[in-house]
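The residues making up each chain are set out below.
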Amino acid sequence: MSYVLEINNVTKKFGDFTAVKSVSFNVEDGGFFSILGGSGCGKTTLLRMISGFEDVTEGELLIRGESMAGIPPERRPVNIVFQNLALFPMMNVEKNVAFGLQRQKLPKKEVNNRVTEMLERVGLVGFEKKKVTELSGGQRQRVAIARSLVLRPSILLLDEPLGALDRKLREHMKIELKVLQREIGTTFIYITHDQSEALVMSDHVAVMNEGQFEQIDTPKNLYKNPATSFVAGFVGESNEFNITGYADGELTTDNGCKLVKPGLDFQPKKLFIRPEAFILDSPETLPDVALINTRIRNILFDGANTKLSVVVKESSDEMLISLPQNAKFDNLHDGDDLQVGIHQDDLKCYKN
Ligand code: ATP
């Protein structure tokens, strides 16, 4: 396995405050790796250490097997695309993309060839002479990426580059970025607080919380098997319950549900259930399925998906249930009693 980036027990301290706490991970060459976490968890600090704008307090950081200790940003084989893109507004597209190559004093012919090739790759042929102020948000985004990739970095670091775009364009750019990365093959390390961006685009995602990694995994595994309660709550939608007791393979929740979950070798405190894991169709007939009595509070129809907001009976706790795409819900009404089932494998339990 060839790793383009290896991070071993890297810590960053600002005075007494530790922003990144002994983080270790490797990134495969040519991969799309995202670091996902909430505001202030240390994502940008980690990115700045990779790019060389911030020193590493402890630990080791290698790019293509070479230690980056003491190597300044301009000598590292990495480039960054910032959220504000930092394009030169008075220059046209071509000049923006050529800028870094000209600074390297490459022959004019090589600069022209590489700029032309890169503009083709990002789909900006015909836009060469336009000023960046005349472009759409998505086109500007592509200029910023082209400007970085034309320098042929080993790693492209992307610091929430879609954050400033409106929702529709963001959805579109997610797909474009993923396709572009696959085509070009440069390793992308993408930081974001938006779990949907991370899940859609990445080969691997690291979920970060308070300066540490909670889990590094494929998007599918993160969603299906969250390693910690933080990940279960942060990635995707979940119903969260407090567990008040666990005995003889049965969980008791603080809102009175009793659910069979044999085989736990720890005392669980938190339970998470995905909205789509509930079974509505004759759950009482299925093996290993626990039943929960609820009452429908609201039917939430939003076009492609329908969800039910229900109240767990004998409590005031709400849960969210996703209906299967082709489910018929004409016979469901606000206020109806509804018994739902949940398979024991879909009860995700954590000790804290
Ligand atoms: P956001 O998504 O809001 O940008 P982030 O995950 O990128 O957040 P960082 O910018 O890495 O978070 O900051 C992590 C923590 O380190 C924060 O508590 C921040 O206040 C602190 N921090 C960052 N830079 C410095 C600095 N130069 N001096 C002191 N503290 C800092």
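Before any of the text, the structure's been laid out above.
Here the structure is a predicted model, which means the values were calculated and not measured.

Enquirer: Help me out: how do you make sense of the pairing of strand β2 (residues 17-28) in this one?
Expert: Every regular strand shows the same layout, with side chains that alternate between the two sheet faces. Two elements, strand β1 (residues 3-14) and β2, share 8 bridges in a ladder whose sense is antiparallel. In the sheet register, K13 faces β2, and the bridge partner there is T18.

Enquirer: In this structure, what is going on with the sheet that holds strand β16 (residues 306-312)? I would like to understand it.
Expert: For sheets, the rule is that strands pair by backbone hydrogen bonds, running either parallel or antiparallel. An order of β17-β16-β15-β18 is seen for the 4 strands of this open sheet, with the pairing classed as antiparallel. The open sheet is flanked by β17 (318-322) and β18 (337-343), the only strands paired with a single partner. Sheet twist, expressed as the average angle between the axes of neighbouring strands with direction ignored, equals 50°.

Enquirer: How should the nonpolar core be read in this particular structure?
Expert: Taken as a class, soluble globular proteins show a tendency for nonpolar side chains to be buried jointly. The biggest cluster of nonpolar side chains holds 33 residues, and the ones touching the most others in it are V143 and I145. Sort the elements by how many residues they give to this core and helix α4 (residues 137-149) lands first, with 5 residues. In this structure, I145 is in contact with V81, L156, L158, L177 and L180, ignoring residues within four places of it in sequence. If you look at the next biggest cluster of nonpolar residues, it comprises 28 residues, including I7, V23, I155 and I191.

Enquirer: I'm lost on the pattern of salt bridges in this one. Help?
Expert: When their charged atoms lie close together, side chains carrying opposite charge are able to pair. Across all of its chains, the model carries 15 salt bridges by this definition. Ionic pairing is found between R295 and D337, a salt bridge with its closest N-O pair at 3.1 Å. A residue pair is termed long-range when its members are at least 10 positions apart, and R295 in strand β15 (residues 289-301) and D337 in strand β18 qualify at 42 residues. According to the relative accessible area criterion, R295 is partly exposed, its value standing at 40%. Within this structure, K12, R48 and E54 form a network of salt bridges that share partners.

Enquirer: What should I look at first to understand the sheet that holds strand β7 (residues 155-159) in this one?
Expert: Strand order in the open sheet formed by 6 strands is β6-β7-β8-β3-β9-β10, and the pairing between neighbours is mixed. The two strands at the open ends of the sheet, each matched to only one other strand, are β6 (78-81) and β10 (212-217). Across the sheet, the mean angle separating the axes of adjacent strands is 20° when strand polarity is ignored. The pairing of strand β3 (residues 32-37) with strand β9 (residues 204-209) spans 5 bridges and is classified as parallel. Residue pairing across strands places I35 opposite A206, the latter belonging to β9. Each of β3 and β8 (187-192) touches helix α5 (residues 167-184); the most contacted strand, β8, lies at about 155° to it.

How each quantity is defined
- Along each chain, the written sequence defines residue order, and numbers are assigned to residues from 1.
- Note on the predicted model: pLDDT of at least 70 is required for a residue's local features to be given, and 80 or more for side-chain atom pairs to be given and counted; whole-chain, interface and lining totals, by contrast, use all residues.
- The side-chain values count all of the structure's non-hydrogen atoms but skip hydrogen atoms and water molecules.
- If DSSP finds at least two bridges between two strands, the strands pair.
- What counts as a helix is a DSSP run of H or I of at least four residues, what counts as a strand is a run of E of at least two, and both are numbered from the N terminus.
- Interaxial angle, 0 to 180 degrees, is taken between N-to-C directions of lines fitted to C-alpha atoms, where a helix line uses only the stretch in contact.
- Buried Ala, Val, Leu, Ile, Met, Phe, Trp, Tyr and Cys residues that are joined via side-chain atoms within 4.5 Å together make up what is termed a nonpolar core.
- Throughout this description, buried means an accessible area under 20% of the type-specific maximum (1.4 Å probe, protein chains only), exposed means over 50%, and partly exposed covers the range between.
- The contact definition used throughout considers only heavy atoms, calling two residues in contact when any of these lie within 4.5 Å.
- Think of a salt bridge as a Lys or Arg side-chain nitrogen and an Asp or Glu carboxyl oxygen that are within 4 Å of each other.

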